[in-house]
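Take a look at the letters that make up each chain.
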Amino acid sequence: MRRFDAIVIGGGLVGAAIAYGLAREGMVPALIDEGDIAYRASRGNFGLVWVQSKGLGAPHYQRWTRRSAEEWPALAAELFARTGVAVGHERPGGVHLCLSRAEFAERRVRMEQMRRESGNFGFDYRMLGHDEVAALLPGIGPAVVGASFTAYDGHANSLALLHALHRGFVGRGGVYLPNRTITEAVAAPRDFRLGAGAEEIGAPVVVLAAGLGNAALAPRFGLSAPVRPQRGQILVTERAGRVMAMPTTTVRQTLEGGIMIGDSQEDVGFDTGQRIDVMRAMAHRAVLSFPWLAGLQIVRAWAALRVMPPDGVPIYDQSERFPGAFTANCHSGVTLTGVHANVFAPMVAAGALDPALAPFSARRFDVPQAA
Ligand SMILES: Cc1cc2nc3c(=O)[nH]c(=O)nc-3n(C[C@H](O)[C@H](O)[C@H](O)COP(=O)(O)OP(=O)(O)OC[C@H]3O[C@@H](n4cnc5c(N)ncnc54)[C@H](O)[C@@H]3O)c2cc1C
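From a predicted model like this one, the values you see are computed outputs, not experimental measurements. (Residues numbered from 1 in each chain as written. Predicted model: local features only at pLDDT ≥ 70, side-chain atom pairs only at ≥ 80, totals over all residues. Heavy atoms only, no water.)

**Details of the domain arrangement of the protein chain**
Split into domains, the protein chain comes out as domain 1 (2-79 + 158-226 + 311-364) and domain 2 (94-153 + 228-308). Computed over C-alpha atoms only, the centres of domain 1 and domain 2 are separated by 28 Å. Summing the contributions of domain 1 and of domain 2, the shared interface buries around 2,800 Å²; its carbon and sulfur component is 63%. For the side of domain 1 that touches domain 2, the secondary-structure elements that each account for two or more residues are β4 (48-49) and α2 (59-83). By residue class, the composition of the side of domain 1 that touches domain 2 is 14 nonpolar, eleven polar and three charged. (Domains from an automatic or database assignment. Buried area = accessible area lost by both parts, 1.4 Å probe. Helix = DSSP H or I, 4+ residues; strand = E, 2+ residues; numbered from the N terminus. Nonpolar A, V, L, I, M, F, W, Y, C, P; charged D, E, K, R; others polar.)

Shown next as structure tokens:
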């Protein structure tokens, strides 16, 4: 049996970020991934590093997201220095466009609640009228009533990010084991043995970061990860000259020039199909926001499944029954890459999650049994 310092199950953005962070801590981890048959949110997302709407009613999640956005620039620079892969991170701020007075009023209430809940930490936002938005994003349509803006927001090339994390992980001595589906595990405190393809591997630490696969894996390690799929569809146009100075929640321009339009939120189980009515609705709203988009051809479109916890807030946990087992689950894995690599991984390497992460435990879903 091959032994490692740690085993991370799941080579998507969450697992790769944690594995990279563990290798940076001096460990020799194995990173196991199911391969091309897998559901992979990390290969089908929208690429926002987004703060302004995260953590409503959950201030710990708001702080965690902000922390991640703060970690991002240094992580992007470090990945470039170590791997030569530019992840295209930019943080020019971002806007959420409102196309009616009702949307604008509802957004203001939401942003104000975010500010109230931030307490001493603070949350700086501005509600902008049409002309102020037009000054930031020339070419908006008359249907845009206004927008919320925060300087915290940004975006990145999430495929390049995944590539950089994998390359950086291997460069720091980590071992990548693709095309292996973990189905069997023997768990004991600080002693885990997994059947990975034809071989058995073992480690005193295991991190479940298998996205939607975590729901089935977690109970084997005394953990719970009740995540469900939520489908999102994305459209991409042909390349255009640099026209958008900052991303919006549902339309952004990549560094290469293509305009991405996203992203729907559909509860359709594990169906990764695309629907023309959903694509039409997304394109319609995008053209109302930016009428010039109507002149561009759509060149690609896809659907992918988000990894969605019941309340939308990430789940981070450590097993009480089998110390050494951890899990990480979230629906904003691009945004949270900063904390996964720079904050969560060092906690795992140190052997325990910081008590500040306790509100993220799946124990919040436990309901007392009726007497
Ligand atoms: C349409 C869409 C838009 C999105 N937009 C954004 C955005 O703008 N910003 C943002 O921050 N986030 C966004 N997300 C979310 C983000 O993509 C996810 O949070 C993130 O990719 C989740 O990463 P993950 O590693 O947990 O899961 P995945 O990427 O799904 O990876 C899980 C991996 O685990 C492996 N695996 C599963 N089961 C097993 C097993 N039993 N054994 C071995 N390996 C296993 C699979 O091979 C897979 O590679 C979006 C998601 C979607 C779908």
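**Digging into the sheet that holds strand β1 (residues 2-3)**
Within a sheet, adjacent strands bond to each other through the backbone by hydrogen bonds, running parallel or antiparallel. With mixed pairing, four strands are arranged side by side in an open sheet as β1-β12-β11-β10. The strands lining the two open edges of the sheet, one partner per strand, are β1 and β10 (185-188). (Pairing = 2+ DSSP bridges.)

**Things to note about the pairing of strand β14 (residues 228-239)**
β14 sits mainly inside the fold: nine of its twelve residues count as buried. Pairing geometry for β14 and strand β17 (residues 298-308), over ten bridges, is antiparallel. Following the sheet pairing, I234 is matched in β17 by W302. (Buried < 20%, exposed > 50% of the residue type's maximum accessible area, 1.4 Å probe, protein only.)

**A look at the sheet that holds strand β2 (residues 6-9)**
Overall, mixed pairing links the six strands, which are arranged β9-β3-β2-β13-β19-β18 in an open sheet. Strands at the two margins of the open sheet, each flanked by one partner only, are β9 (175-177) and β18 (315-318). Neighbour-to-neighbour, the strand axes of the sheet open up by a mean angle of 15°, direction not taken into account. For strand β3 (residues 29-32) and β9, the ladder comprises three bridges, and the chain directions are parallel. Directly across from I32, in β9, lies its bridge partner L177. Relative to the sheet, helix α1 (residues 13-24) contacts β2, β3, β13 (206-208) and β19 (325-329), its axis offset from that of β3 by approximately 170°. (Axes fitted to C-alpha atoms, helices over the stretch in contact; angles between N-to-C directions. Contact = heavy atoms within 4.5 Å.)

**Thoughts on the site of the ligand**
Neighbouring the ligand are 38 residues, the closest being D33, S42, I182, G333 and T335. At a separation of 2.9 Å, a nitrogen atom of the ligand approaches a polar backbone atom of I182. For the ligand, an oxygen atom lies 3.4 Å from a polar atom in the backbone of A210. Burial of the ligand by the protein chains amounts to 96% of its free accessible area of 1,000 Å². For the shell around the ligand, the secondary-structure elements that each account for two or more residues are α1, β14 and β17. (Near = heavy atom within 4 Å. Polar contact = N/O pair within 3.5 Å; in protein donor to acceptor, adjacent residues only side chain to side chain. Areas by Shrake-Rupley, 256 points an atom, 1.4 Å probe, with all protein chains shown as cover.)

**With respect to the nonpolar core**
Burial of nonpolar side chains together is a common tendency in soluble globular proteins. If you look at the biggest cluster of nonpolar residues, it comprises 50 residues, and the most contacted ones within it are L22 and Y316. Elements represented by at least two residues in this core include exactly β2, α1, α2, α5 (158-171), β19 and α8 (337-350). For this core, the leading source of residues is α1, giving nine residues. For L22, the residues in contact, after removing those within four places along its chain, are A6, V8, M27, P29, V207, A345, V348 and A349. (Core = buried A, V, L, I, M, F, W, Y, C linked by side-chain atoms within 4.5 Å.)

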